[in-house]
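# Working through the structure, step by step
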Amino acid sequence: MRKINDYTKSREAFLRAEKVIPSGIYGHQGPAEGCYIPVEAFPLFSSKAKGSYLWDLDGNKFIDYMCAYGPNVLGYHDEDVDRAAAEQRKISDCTTLPSTKMIEFAELLVDTVASADWAFFAKNGNDVTTMAVMASRAYTKRKKIVFFKGYYHGVAPWTQKIDYPGIIEEDVVNNIYVEWNNYEQLEEVFAENKGEIAAVISQPYMHGNFVDNEMPKKDFWQKVRKLCTDNDTVLVIDDVRAGFRLDIAGSDHYFGFEADLICFCKALANGYNVSALCGKQFLKNAVSSMSYTGSYWLSAVPFAAGIACINKMKKINSPQILLEKGEKLTNGLKECAKKHGYDLRVSGAPSLFYLRIADDPSLMLHQAWIAECVKRGVFFTNHHNHFINASLTDKDIKETIEIADEAFEVIKERENS
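Residues numbered from 1 in each chain as written. Predicted model: local features only at pLDDT ≥ 70, side-chain atom pairs only at ≥ 80, totals over all residues. Heavy atoms only, no water.

Looking only at helices and strands, the chain features 13 helices and 13 strands. Buried residues in the chain amount to 56% of all 417 residues. Across the chain, contacts joining residues at least 24 apart in sequence account for 74% of those joining residues at least 6 apart. A total of about 18,400 Å² of accessible surface is found on the chain, and carbon and sulfur atoms cover 52% of it. Charge separation in the chain, taken as the distance between the mean sites of 48 positive and 56 negative side-chain charges, equals 3 Å. (Helix = DSSP H or I, 4+ residues; strand = E, 2+ residues; numbered from the N terminus. Buried < 20%, exposed > 50% of the residue type's maximum accessible area, 1.4 Å probe, protein only. Contact = heavy atoms within 4.5 Å. Areas by Shrake-Rupley, 256 points an atom, 1.4 Å probe, with all protein chains shown as cover. Lys, Arg positive; Asp, Glu negative; His and termini not counted. Charge placed at Lys NZ, Arg CZ, Asp CG, Glu CD.)

Glancing now at helix α7 (residues 220-230). Every buried residue of α7 is accounted for by Phe220, Trp221, Val224, Arg225, Leu227 and Cys228. Angularly, the buried residues of α7 cover 165° about the axis, an arc narrow enough to put them on a single face. Looking at α7, the residues exposed on the side facing more than 90 degrees away from the buried face are Lys226 and Asp230. Taken together, the buried residues of α7 touch β5 (144-148), α6 (183-192), β7 (197-202) and β8 (234-238). Directly after α7, the chain includes Asp232, whose backbone phi takes a positive value near 55°. (Arc of directions from axis to C-beta.)

Our next topic: helix α13 (residues 394-416). End to end, α13 covers 33 Å across 23 residues, agreeing with the expected 33 Å (1.5 Å per residue, within 8%). Along α13, the residues that are buried comprise Asp396, Ile397, Thr400, Ile403, Ala404, Asp405, Glu406, Ala407, Phe408, Val410 and Ile411. (Expected span 1.5 Å × (residues − 1).)

Read from one edge of the open sheet, 7 strands run β4-β10-β9-β8-β7-β5-β6, paired in mixed fashion. The open sheet terminates on both sides in strands that have one partner only, identified here as β4 (118-122) and β6 (175-178). When the angles between neighbouring strand axes are averaged without regard to direction, this sheet yields 20°. Bridge analysis of strand β9 (residues 261-264) against strand β10 (residues 275-279) gives 4 bridges, and the strand direction is antiparallel. Across the sheet, the residue bridging to Ile262 is Cys278, located in β10. Sheet contacts for helix α3 (residues 101-112): β4 and β10; angle to β4, the most-contacted strand, approximately 125°. (Pairing = 2+ DSSP bridges. Axes fitted to C-alpha atoms, helices over the stretch in contact; angles between N-to-C directions.)

On a regular strand, one side chain projects to one face of the sheet and the next to the other, so that they alternate. With respect to burial, β8 is a largely interior element, 5 of its 5 residues being buried. Side chains of β8 alternate between two faces, with Val234, Val236 and Asp238 and Leu235 and Ile237 buried alike. As paired elements, β7 and β8 share 4 bridges and run parallel to each other. Within the sheet, the bridge partner assigned to Ala199 lies in β8 and is Val234.

Quick look at the pattern of salt bridges now. Per the counting criterion, the structure on display carries 22 salt bridges. Arg2 serves as the salt-bridge partner of Glu399, at 3.6 Å between the closest nitrogen and oxygen. Of this pair, Glu399 sits in helix α13 while Arg2 is found in the segment before α1 (8-20), placing the two residues 397 residues apart along the sequence. Here Asp260 makes a salt bridge to Arg225, at a shortest N to O gap of 3.0 Å. Placement of Asp260 in the loop between α8 (251-254) and β9 and of Arg225 in helix α7 is noted, with a sequence separation of 35 residues between them. (Salt bridge = Lys/Arg side-chain N within 4 Å of Asp/Glu carboxyl O.)

This part takes up the side chain of His366. In this structure, His366 sits in helix α12 (residues 364-375). With residues up to four places along the chain from it excluded, the contact list for His366 reads Leu355, Arg356, Ile357, Asn382 and His383.

With that out of the way, let us pick up the nonpolar core. Generally speaking, soluble globular proteins have nonpolar side chains that are buried together. With 105 residues, the main nonpolar core has Leu109, Leu186, Trp369 and Phe380 as its most contacted residues. At 8 residues, helix α10 (residues 300-316) tops the list of elements feeding residues into this core. Setting aside residues up to four positions removed in sequence, Phe380 forms contacts with Phe42, Tyr65, Leu333, Phe353, Leu355, Trp369, Ile370, Cys373, Val374, His386 and Thr400. Within the second largest apolar cluster, 27 residues are counted, among which are Ala132, Val236, Leu261 and Val287. (Core = buried A, V, L, I, M, F, W, Y, C linked by side-chain atoms within 4.5 Å.)

Okay, the packing of α3 against α10 next. Between α3 and α10, whose axes approach to 9 Å, the crossing angle comes to 30°. Of the possible angle classes, the one that applies to α3 and α10 is roughly parallel. When the axes of α3 and α10 are compared, the crossing they make is left-handed. For the pair α3 and α10, contact is made by Lys101, Met102, Glu104, Phe105, Leu108, Leu109, Asp111 and Thr112 and by Ala300, Phe303, Ala304, Gly306, Ile307, Ile310, Asn311 and Lys314, respectively. (Parallel < 35°, antiparallel > 145°, perpendicular 65-115°, else oblique. Left-handed = near helix turned anticlockwise from the far one by under 90°.)

This is a description of form; function is not addressed.
Right, dumping it as structure tokens:
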């Protein structure tokens, strides 16, 4: 049996943090959000990261399958990306006038993303999903937005539910919700709201939390694309999470259609803080008409990092690498579970996989297995999709499966005792 991690220093740091920071750690990386159950199984603060590995304050090393919740696509501190960022930092970063790196980055995205005629830069995924909705409303002069249930498009009020703290009815009154993959229901909604729908916004496939991920049905996107075109409705793809992991040209390209607006962030610059909204020529004037910016949105260092990241992803064909590594890992995990008599469901793209032990609908068995993996050095989380990065090795995958095997053995013994 492997050594079980101790998190003494992480806990001490958290006690410090909660005195001066709301929740101690806020957002999806915080212990109150449902991904860290039981909390005592997880470290809470890191000391360093490199490649596929993360070290916590207590010196425990993890093979990290959360990848900073997605930004780490090439490996932490990829030398090519970091070198490009460092060279730009010597020249300029956040300055009164933007660097031409912004133009170079936009040109590269237009050349790379199949549906892109232009690119607009911000910092977070939420920035560009919000801009996409605003641009859709500016262009169509309509209010209503269609969402697919199970979505996540950020934390702005328009993305939330009416019962969330701080959200009022006016924030979501123009939201319409339909079931994922239910084209007939979407068609009915368009008929009931003829001439009123500004945009349909969706992830390229349903990669929500607390639920198995689900790919689009055959011809689903092609039918949605035609429906939006026929009704002068903007089709927005939120590729913040899946972007560049399925297809360098965009996840819409992967599924055989073109979005009107497509949002990128996580894998865009391997951890440097930049996001991008790309879109069709007919929406360029609507975006130009908007007053939408931020203090650091034109910083040059993340642009340089993004250029290096995209060029390297192209060079190594990263989607294929991530697919192959993801398949090897998830097939191994399923076989390992089967050996111990468990039904481990793997859903979504192999590069962006979701795990669920299906033997217990309460999810507590799944949480127990994840906890035993984490305590032994594999950083999974509960109820969220996981990420593959290009630096993951066959040795890492082998060790992951060995740890998963031991974790299954532990929960099986616990069940039988």
